[in-house]
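Chain by chain, the residues run as shown.
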Amino acid sequence: MSNIPAADLLKPFKLKTKQQELLIRVSILCLVYILAFITRLFSVLRYESMIHEFDPYFNYRTTLYLTQNGFYDFWNWFDYESWYPLGRIVGGTLYPGLMVTAALIYRLLHFLRFAVHIREVCVLTAPFFASNTTLVAYFFGKEIWDSGAGLVAAILIAVCPGYISRSVAGSYDNEGVAIFALLFTFYLFVKAVNTGSLAWGLASAFGYFYMVSAWGGYVFIINLVPLYVLVLLITGRYSMRLYVAYNCMYILGMLLAMQIRFVGFQHVQSGEHMAAMGVFFLMQVFYFLDWVKHMLSDTKLFQAFLRITVTCTVAVGGIALGVGMVSGYISPWTGRFYSLLDPTYAKDNIPIIASVSEHQPTAWSSFMFDYHILLFLFPAGLYFCFKRLSDATIFIVMYGLTSMYFAGVMVRLILVATPAVCLISAIAVSATVKNLAVLLRSKSKAVQTGSTKGTSSGKASSKAALDQSQPFQKNGAMALLFGVFYLLSKYATHCTWVTSEAYSSPSIVLAARGAHGNRVIFDDYREAYFWLRQNTPPDAKVMSWWDYGYQITAMGNRTVIVDNNTWNNTHIATVGRAMSSYEDEAYEIMRSLDVDYVLVVFGGVTGYSSDDINKFLWMVRIGGGVFPVIKEPDYLVNGEYRVDKGAAPKMLNCLMYKLCYYRFGDLVTEYGRPPGYDRARGVEIGNKDVKLEHLEEAFTTSNWIVRIYKVKPPNNRW
Amino acid sequence: MEAPIRARDTLALALFSLLFFICRSSPLNNLLISNAERRIDLSSHIVKAYLTLKVENAGSTPASEILLAFPLAQAGHLATVEALASKGKRKKTTLVRLEVKPTELPDAPNDAIYFTIYLANPLNSGESTTFEVLYMLTRSLEPFPAEIGQSESQLVIYRDSALILSPYHIKQQTTFIKTPSPKVESFTRVEPTNRAGTEIKYGPYEDRPPYSVSPILVHFENNSPFAVVEELVREVEISHWGNLQVTEKYTLVHAGARHKGVFSRVDYQSRPSSTGVSSFRYLLARLPPRVHSVYYRDEIGNISSSHLRADSRKSELEIEPRYPLLGGWKATFVIGYGLPLQDFLFESTDDRRYLNFTFGCPLLETVVDKLTIKVVLPEGSKDPSAVVPFPVEQHLETKYSYLDVVGRTVVVLEKKNVVPMHNSHFQVYYIFKPIFMLAEPLMLASAFFLFFVACVAYLHIDLSIRK
């Protein structure tokens, strides 16, 4: 490790080897910390400091409310601006961790007299926590392997696209802080298991509390940890340390989690949390048996006792669970949980979950895209973990394997798997490089010292082989080292490229290349939302598909019928039904919902493909799921979805079609094409003479991406 | 004569634009106007009236003060009144600005409000003098019809009097009204009345007694942008490190005929000459030269549609709201920019510093209903005082910005009804010791120092209980 010739040159600053190592480690960590932050700033530099996508706008709006009105108002906030006429109890239906965190950072900065805007705090929260995650990854890696693996893990996770996808600047979502909280909780728990100290157990309970307050993904923790404990019990690794760690973490964590209103008594009432409780009781039985075994000297007697106890426990547990389920005290699993265990479940039963693109099963390409070399370093890391099994490595292996399964089920859960993949890959990299370095360094020193210094136990066997063919192996090791270096640099370039190209677009502002290579910006969303904000009555109700609900309330400051918090399927289905009905039927529905404006997103002029026409079949499906009058085949021709002349008559006359294509037939979108040529779908539309009876065009943005219609008051009867 | 006029006024005929000349120090009849010519320019939404008056002192005592008066209906709309006297002989006449002050008279006929003009040299008996009065009226063009569709053009009504309302005898008077286009729907005839092209001529009228009015109404097309800034807050922050940061918050509204019914984008895009003619897409802001780091944004983010053209004498910022402003539509936005401090901050002789900056709104041809200027002085400055060439409301505030401990003093100036005429300079004087500039760097340095000391201490102290 020591670098004595170099140290000679710097005699006045001569440091001890340990100090040198510390200096290098600290400076690498600092650099990684900065790197993790700045690599996420692409979107700020390329666009502006703004909130991205859909859900972050709700978080931003609530954070704004929290900073302006204080915590108690926030906690008791009844939001009548969404889900009209139902409203939403915001304080009781969100995870407040993110907002409270951002508000605290904001308060702290203002206390230190940094007059920043709350928006800047929100925009930079995710990168900040990503930086903190790298530190946690370092300590976690250090805990399960060694400090080298920790450093590599920190570097890998700092730039891993799987994590960056949810933590770029502006992506102000729960996941941004939750991955930090998740990894931190795991780290503290593993630390507690390794030390058996109550303090670490307590810390992990608080980590768990933070995680519960931040994201619904805490269910993963509360299921993975018992699973891990169970595996340790089965493999005979039960210890007092485990007992202390788990009981402390579970009981305190549960009590703390109950303080979050959205979670409430779910820890004792919901099926998803029963595993943890079962394992808790199991541990008590285990401990009890251990104690009895210790007290009883007769093994036969103990065997009999064991049989009785186990039968009784199983029976009591089974009965309790059965009674709880039947009486409805324990709620069954939710749809999302089911769809995790059975990927086809959502597609058949809950179209609203299936309609979200990030709930789709993951394609292979996106694994490659998000993990790059980690994808094959992961199995290698698993190999190293199995070679040096300990409580900690078992944990990381289990975390890695389960989260990889979930990542395969849902695209968005790649995020959860990322820390595990990075840690395990870091073990692979670190162990490999260390082995290779030992090989190389054995040249200058006696072979014996190298082998005694080798840290991994598996090294001893390879040392014997090394002695026989030293020169060849040294070159091989050199080549392999370069190979590792090459792969890692490829990884770095890939990550930067992915971050810059794929994950740094705010999706509110669209950018395209113009004919002369210049950058063209489509800022239509904000144009429309700002128009709504300024030029409609303050109590106007806007109907749109639920995707845009959060944005309309946050940027347009107007009441919406449905939004991205898809808690009421019937309400969404009503909107879906209105969109897929004929205009006069839809008018009745809109009148009953007090709708003043209807907002649709239309990409036919710009060729923007994620517009409402392309989402329309989901509206039909969701609407049809509740109202059987809406039938999907009515909108299809021979099972094909089309908007041109050959489209189904119902399709050509439904409200969504009319609103999107109203007066589109007069417009020439592309040179050499007939008027009414839809660039997003590449066809000439089938109904160019759209007449509206009950609605009128109120506003259309400059690139036609957002179109807003006003619902006319009913005609006088005479 | 007076009674019927009063009756007419109270019948809300809204008589406009009458000028009175009253000499307080001498009997009213002592002064008379031998010739009055009024030119009213209606081509934009700010009504500009130029009045050329020849005043004669028919009394025996010299007169040094002359009263201008306006009917109450105009009082809220009157943005500025200026009087200019020409001095010198024919060849090299220079215009001298005369002092004008609002005055109250107890028995004002027609609820008139008065302005006093203070003559530079008293007008002796028998003498006569000529001077010009310029006044501007805001929000005086009433859209009629009040709501128009996208394809219609905007028609407005202007109400005034053909005769100059005056307590004095006016021997001869003429009024010219200039409309932006020859498209005049109708106008009241008070013979002799002539119309040629874009100009309507009322008069000449001979020998009208005091307080004569003759209401007229002109209904014409005016498609110029009715850009009104309902509220503008300009914050000028002085940093003695060399920067002047200006932040301007606008609430812009199209104050013309309200838009009614459909807004069709396809029509607006394909036929710009015939649809939405009264709407406007962009505005020009004239900023000081050497402006840097200009931004243009609103509550929900940056607005990408703006262009800055800068040269050595001026900078022009073309700003385009997110959407075209049709009648009655609103847009709020913020413009911010930095300026080099040495262009605006000077040291006065008595050891004080003063900021010399323009009052008024940088947007061309706009009316500001309420303008607030906040001059944020650096932390530690004392005795602020503002010098503004016209009456404004003033008070002080405290603002906390980056690394402020005691807060910065803010001089707040407020004025209602501001027109481009008000873009003159004002000064804010204050005392500032340069040593205060070092407060913030020293604070930061000591904070970091303490942090490192804490780190070193932590690394060298063993706090564990067990050994």
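A. Representation of the overall build of chain A in the model. Secondary structure assignment for chain A yields 33 helices and 11 strands. Whereas a compact globule of 718 residues would reach a radius of gyration of roughly 27 Å, chain A reaches 30 Å, a difference of no more than 12%. If you line up chain A on its principal axes, its C-alpha atoms span 100 × 70 × 60 Å. Long-range contacts, defined as pairs at least 24 residues apart, comprise 71% of the intrachain contacts of chain A with a sequence gap of at least 6. Looking at chain A as shown, the accessible area adds up to about 31,500 Å², and 64% of this sits on carbon and sulfur atoms. One way to put it: in chain A the 60 positive side-chain charges average out to a point 13 Å from where the 49 negative ones average out.

B. Spotlight on the pattern of salt bridges. Residue and element names in this part refer to chain B. Summed over all chains, the structure comprises 55 salt bridges over all chains. Salt-bridge contacts for Glu237 lead to Lys399; the nearest nitrogen and oxygen are separated by 3.4 Å. Of this pair, Glu237 sits in strand β16 (residues 227-239) while Lys399 sits in strand β29 (residues 393-399), and the two are 162 residues apart along the sequence. In this structure Glu237 comes out as buried when scored by relative accessible area, which is 18%. When the shortest N-O distance is used, the salt bridge between Arg286 and Glu316 registers 2.9 Å.

C. Layout of unusual backbone geometry. Note that the residue after Tyr84(A), namely Pro85(A), is joined by a cis bond; omega there is -5 degrees. Mapped onto the fold, Pro85(A) is located in the loop between β1 (78-79) and β2 (88-89). Pro204(B) follows Gly203(B) through a cis peptide bond whose omega is 5 degrees. Not every positive phi belongs to a glycine, and Asp594(A) is a case in point at roughly 60 degrees. Summarising the element assignment, Asp594(A) is placed in the loop between α30 (583-592) and β7 (597-601). In the Ramachandran plot, Asp351(B) falls in the positive-phi region, its phi being about 70 degrees despite a non-glycine side chain. A relative accessible area of 62% means that Asp351(B) is categorised as exposed.

D. Looking closely at the packing of aromatic side chains. Residues and elements named next belong to chain A. Using the criterion set out here, one finds 70 aromatic pairs over all chains in the structure. Between the aromatic rings of Phe602 and Tyr661, the centroid separation amounts to 5.2 Å while the plane-to-plane angle is 85 degrees, which identifies the pairing as edge-to-face. Taken together, the residues span a long stretch of sequence, with Phe602 in the loop between β7 and α31 (612-626) and Tyr661 in helix α33 (residues 655-661) at a distance of 59 residues. By relative accessible area, which is 0% here, Phe602 ends up buried. The ring of Tyr163 carries Arg40 above its face, with NZ or CZ at 5.1 Å from the centroid. Here the guanidinium or amino end of Arg261 rests over the ring plane of Trp75, the centre of that ring lying 5.5 Å away.

E. Representation of the packing of helix α21 (residues 374-387) of chain A against helix α23 (residues 414-441) of chain A. All names here are of chain A. Running from N to C, α21 and α23 point in directions that differ by 70 degrees, and their axes come no closer than 7 Å. By the angle class used here, α21 and α23 are roughly perpendicular. Contacts from Leu374, Leu377, Phe378, Ala380, Gly381, Leu382, Phe384 and Cys385 of α21 reach α23 at Val421, Cys422, Ile424, Ser425, Ile427, Ala428, Val429, Ala431, Thr432 and Asn435. By residue class, the composition of the contact of α21 with α23 is 14 nonpolar, 4 polar and no charged.

F. Spatial organisation of empty space enclosed by the protein. Residues and elements named next belong to chain B. Scanning the entire structure with this criterion turns up 2 cavities of 30 Å³ or more. Forming the walls of the largest cavity are Ile148, Gly149, Gln150, Glu152, Ala257, His259, Gly276, Ser278, Leu326 and Gly327. Counted by class, the lining of the largest cavity contains 3 nonpolar, 6 polar and 1 charged residues.

G. Fine view of the pairing of strand β7 (residues 128-137) of chain B. Residues and elements named next belong to chain B. In the sheet, strand β2 (residues 47-57) pairs with β7 via 10 bridges, with the strands oriented antiparallel. Opposite Thr52, over in β7, you have Glu132 as the bridge partner. Bridge count between strand β4 (residues 78-87) and β7: 7 bridges; the pairing is antiparallel. Within the sheet, the bridge partner assigned to Ala83 lies in β7 and is Val133.

H. Spatial organisation of the environment of Pro324(B). All names here are of chain B. Within the secondary structure layout, Pro324 lies in the loop between β23 (315-319) and β24 (330-340). On the basis of relative accessibility, which here comes to 2%, the residue Pro324 falls in the buried class. Taking the C-alpha atoms as reference points, Pro324 and Phe280, separated by 44 residues in sequence, lie 5.8 Å from one another. Apart from residues lying up to four places away in sequence, Pro324 is in contact with Phe263, Arg265, Tyr268, Phe280, Arg281 and Trp329.

I. Representation of the interface of chain B and chain A. The partner chain A presents 28 residues to the 28 residues of chain B that form the contact. Taken together, the links from chain B to chain A amount to 4 salt bridges. Among the ionic pairs, Glu299(B) bridges to Arg533(A), the shortest N-O distance being 3.7 Å. Across the chain B-chain A interface, the total number found is 19 residue pairs in polar contact (both at pLDDT 80 or more). Ranked by residues supplied to the side of chain B that touches chain A, first place goes to helix α3 (residues 265-270) of chain B with 4 residues. Classifying every residue of the side of chain B that touches chain A gives 11 nonpolar, 9 polar and 8 charged.

J. Region of interest: the confidence of the model for chain B. All names here are of chain B. Chain-level pLDDT for chain B is 85 on average; 92% of the residues reach the 70-or-more range. The least confident element of chain B, judged by mean pLDDT, is helix α1 (residues 2-13) at 44; the most confident is strand β17 (residues 243-254) at 94. With pLDDT under 50 throughout, residues 1-27 is counted as low confidence; its partners more than four residues away or in other chains account for 94 contacts. This complex was scored by the predictor with a pTM of 0.89 and an ipTM of 0.87.

K. Representation of a negative patch on the surface in the model. Together, Asp584(A), Glu585(A), Glu588(A) and Glu693(A) make up a region of like negative charge exposed at the surface. Counting through the fold element by element, Glu588(A) comes out in helix α30.

L. Local environment of the pairing of strand β27 (residues 367-376) of chain B. Residue and element names in this part refer to chain B. With 7 of 10 residues buried, β27 lies mostly within the body of the structure. Pairing of β16 with β27, which is carried by 9 bridges, proceeds in the parallel orientation. Note on β27: the bridge partner recorded for Leu232 is Leu371. Sheet topology note: the β27/strand β30 (residues 408-418) ladder contains 8 bridges and is antiparallel. Paired with Lys374 across the strands is Val412, a residue of β30.

About the thresholds
Residues numbered from 1 in each chain as written. Chains lettered and ligands numbered in written order. Predicted model: local features only at pLDDT ≥ 70, side-chain atom pairs only at ≥ 80, totals over all residues. Heavy atoms only, no water. Helix = DSSP H or I, 4+ residues; strand = E, 2+ residues; numbered from the N terminus. Rg over C-alpha atoms; globule rule 2.2 N^0.38 Å. Contact = heavy atoms within 4.5 Å. Areas by Shrake-Rupley, 256 points an atom, 1.4 Å probe, with all protein chains shown as cover. Lys, Arg positive; Asp, Glu negative; His and termini not counted. Charge placed at Lys NZ, Arg CZ, Asp CG, Glu CD. Salt bridge = Lys/Arg side-chain N within 4 Å of Asp/Glu carboxyl O. Buried < 20%, exposed > 50% of the residue type's maximum accessible area, 1.4 Å probe, protein only. Phe/Tyr/Trp six-rings, centres within 6.5 Å; stacked < 30°, edge-to-face > 60°. Lys NZ or Arg CZ within 6 Å of the ring centre and 35° of its normal. Axes fitted to C-alpha atoms, helices over the stretch in contact; angles between N-to-C directions. Parallel < 35°, antiparallel > 145°, perpendicular 65-115°, else oblique. Nonpolar A, V, L, I, M, F, W, Y, C, P; charged D, E, K, R; others polar. 1 Å grid on protein atoms, 1.4 Å probe; cavity = no way out; pocket = protein on both sides within 12 Å on 5 of 7 lines; lining within 4 Å. Points joined across faces, edges and corners; volume = space filled by probe spheres on them. Pairing = 2+ DSSP bridges. Polar contact = N/O pair within 3.5 Å; in protein donor to acceptor, adjacent residues only side chain to side chain. pLDDT = per-residue confidence, 0-100. Patch = residues over 30% accessible without salt bridge, like charges linked within 9 Å, V, L, I, M, F, W, Y side chains within 5 Å.

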